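In case you want the letters, here they are:
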Amino acid sequence: MCGIMGYIGENNASPIIMDGLKRMEYRGYDSSGVVVLNDKVTCVKSVGKLEKLEKKLKKDIHGNIGIGHSRWATHGGVTEENAHPQHDCKEEIFVAHNGIIENYKELKEKLIEQGHKFISDTDTEVISHLIEHFFESNLEEAVKKSLSLIKGTYGLVVVSKKDPQKIVVARMFSPIAISVNKSGGFVSSDPVAIIPHSKKMVFLEDGDVAVIKKNKLSITNLENEPKYREETEMDWNIEEAQKGGYPHFMLKEIMEQSDSVANSMRGRLTEDAVKLGGLESVEKQLQKVKRVNIVSCGTSYYAGLAGKYLFEDISGVPCEVELASEFSYGKKQIKKDEVYLFLSQSGETADTLAALRKVKNEGGLSLGVVNVVGSSIARETDAGVYNHIGPEISVASTKAFTSQVTLLNLLALFFGRQRELSQKQGKKIVKSLSDLPEKINKILELSSEIERIAKKYKDFSDFLFIGRRYSFPVALEGSLKLKEISYIHAEGYAAGEMKHGPLALIDKSFPTVALCPSDSVYSKMISNIGEIKSRGGRVIALATEGDKQIEDIVDDVIYLPKVEENIIPITFAIPMQLLAYHIAVMLGTDLDMPRNLSKSVTVE
Ligand code: M6R
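First things first, this report covers the structure right here in the doc.

Conventions and cut-offs
- Along every chain, residues carry numbers that run from 1 in the direction the sequence is written.
- Where totals are concerned, whole chains, interfaces and linings use all residues; where local detail is concerned, this predicted model gives features only for residues with pLDDT of at least 70, and gives and counts side-chain atom pairs only at 80 or more.
- Excluding hydrogens and water, the side-chain figures rest on all heavy atoms present in the structure.
- Secondary structure follows DSSP: runs of H or I at least 4 residues long count as helices, runs of E at least 2 residues long count as strands, and numbering of each begins at the N terminus.
- In this treatment the radius of gyration is a C-alpha quantity, and the globule benchmark scales as 2.2 Å times the residue count to the 0.38 power.
- Partly exposed residues are those whose accessible area sits between 20% and 50% of the maximum for their type, while under 20% is buried and over 50% is exposed, using a 1.4 Å probe and protein chains only.
- When charges are counted, Lys and Arg contribute as positive and Asp and Glu as negative, whereas His and the chain ends are disregarded.
- The location of each charge is read from NZ of Lys, CZ of Arg, CG of Asp or CD of Glu.
- Only heavy atoms are used to decide nearness, and a residue is near a molecule or strand if one of them lies within 4 Å of it.
- A 3.5 Å cut-off defines polar contacts: any pair of N or O atoms within that distance qualifies, except that in protein one atom must be a possible hydrogen donor and the other a possible acceptor, and neighbouring residues in sequence count only when both atoms are side-chain atoms.
- Where accessible areas are quoted, they stem from the Shrake-Rupley method and a 1.4 Å probe; at the residue level, only the protein chains shown are allowed to cover.
- Gly counts as polar in this scheme, as do all residues outside two lists: the nonpolar Ala, Val, Leu, Ile, Met, Phe, Trp, Tyr, Cys and Pro, and the charged Asp, Glu, Lys and Arg.
- Just to be clear on terms, a salt bridge is a Lys or Arg side-chain nitrogen sitting within 4 Å of an Asp or Glu carboxyl oxygen.

Here we look at the overall build of the protein
Moving on, step 1. Tallying secondary structure elements over the protein gives 21 helices and 24 strands in all.
Moving on, step 2. In terms of overall dimensions, the protein is globule-like: its C-alpha atoms have a radius of gyration of 25 Å, near the 25 Å expected for 604 residues.
Moving on, step 3. Considered along the principal axes of its C-alpha atoms, the protein spans approximately 80 × 55 × 45 Å.
Moving on, step 4. Residues counted as buried form 62% of the 604 residues belonging to the protein.
Moving on, step 5. Side chains of the protein carry 77 positive and 83 negative charges; the gap between the two charge centres is 1 Å.

Remarks on the site of the ligand
Moving on, step 1. The ligand sits among 14 residues. The nearest are Ser-300, Ser-344, Ser-346, Thr-349 and Glu-484.
Moving on, step 2. At 2.7 Å, a backbone N or O of Gln-345 approaches an oxygen atom of the ligand.
Moving on, step 3. Burial of the ligand by the surrounding chains reaches 91%, relative to a free accessible area of 410 Å².
Moving on, step 4. Broken down by secondary-structure element, the contributors of at least two residues to the shell around the ligand are helix H10 (298–315) and helix H18 (472–486).
Moving on, step 5. Among the residues forming the shell around the ligand, the class breakdown is four nonpolar, eight polar and two charged.

Some points on the pattern of salt bridges
Once the charged atoms of two side chains with opposite charge are near each other, the side chains can pair.
Moving on, step 1. Counted under the stated rule, the structure contains 33 salt bridges.
Moving on, step 2. Among the salt bridges present, the one from Lys-214 reaches Glu-10, with a minimum N-O distance of 3.7 Å. A residue pair is termed long-range when its members are at least 10 positions apart, and Lys-214 in the loop between strand S12 (208–213) and strand S13 (216–221) and Glu-10 in the loop between strand S1 (3–8) and helix H1 (13–23) qualify at 204 residues.
Moving on, step 3. Among the charged side chains, a network of salt bridges with common partners joins Arg-171, Asp-206, Arg-357 and Glu-380.

What follows is the structure, encoded as structure tokens:
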């Protein structure tokens, strides 16, 4: 949600920090600030877009040490006073912080009693005053003493003119990546901001306190015990984090799905099975598993729903799917003969991480399907597979969904071949997956046809999305895509539920997007479409090439290449993404960064 960037080295810090903050813009923010240390301290803050901060940051600000922050308001309104970095009474200690300090009110009261003057409504400001309170001569010691009093979550960076040749960093439930190399020391809450300077970085773990100097990194815990954190090499490059000629990241990410899906499968398919190096350590345990429990949020949850059909159909293993935000607070018993599979693009979603920790605390076996290498969920799961799709920048998830469903296919095949799935059946699934990138290319060519349909429907204020079995999760995902980037009200339903309530909504002002592949439930879908048409509803259908019947009963059809059922959630999702995208473009929303949303939801 918020973004942290810090630099210490021989170069001028403020352009490096601004570049890092811009690369994290996609995460969502409403204010920002930078502090640079020189012989004097310059702290500049602004409300709104980073361009405003950049204008205020005069070019002649020089200094080799600095930290910056983009803030998404939680405690206190969107004002310059509440923007980070926050400082102490004498403006000598500066803190940028992601997370929430739960006991900030009581700490603030005590600090006020001691004479500290607060100027913001933020929880973060207590950290700078606490550090001021404890500071003797060494910044990290004062930070550690302060953190020992703090309850809550933090990824934080601290600089001080009283101990200037360092950035002190700490982590508790909020990600921090650090790279120290010949160009200096870089710290950020998001690897994407460090990638231009180095692909190699370390990720702090909870309880770590790091001190970054120009060419040195040391990590300890609050008890001063040294900690070694291995360097991770990211498989991302700078181009992947740029628009590459597209008007929006979302369109770029939609258009690269043929490659991203291929990358997720690369080196993993054999003729009739799948090789997943990331599962080797738990392969024997997985053989005995009696149930798969998928836990995730948002789009990753909808991918999980597709996973249920895949696991049950391909491997014969029962599968349950639960929202991470519900999973953590129920009385659900964690079972030793089941596996818990966490899907997360970012690997940092707070609800998913909390659910994973519940499973781990209760001794359950956990797997991850994660895109961001080195992220918390990737590190904390017992084993897992990476998506390998490069950074997903647009808040609206697209290529992560198709990659997740691809990997769920691979996992279901893996489980199936461990059990009763024959070589012949395995071969069929491998074939369906190998053909996929080419089919995706064909679907992407439909973009202008979908744009034409978008133009026809863009002014409707409500939409319904329906599907059955493999296309049901896509109906949910299609409605989420439309609502999050165009702000149009949309609902996703299992088509069989129409008669149980939603049919009452239907009239000519409430169009339905019906996902109607030529699959085992085709005729049932046709009946559902009939029910809508006979009540005056308009229907846009997504159907399989060669289906002539559907043309006569719906208003518009988008034809997609024929695929096996296990592939439907992938191919049918792409036109849904394009439809939402084109409508949002026509409505002029800020679709890469929709209002009120952020890319990585790191608070529960
Ligand atoms: O990083 P994750 O996959 O854990 O994120 C989960 C959701 O926050 C995410 O999919 C969200 O729903 C997207 N904005 C949907 O486009």
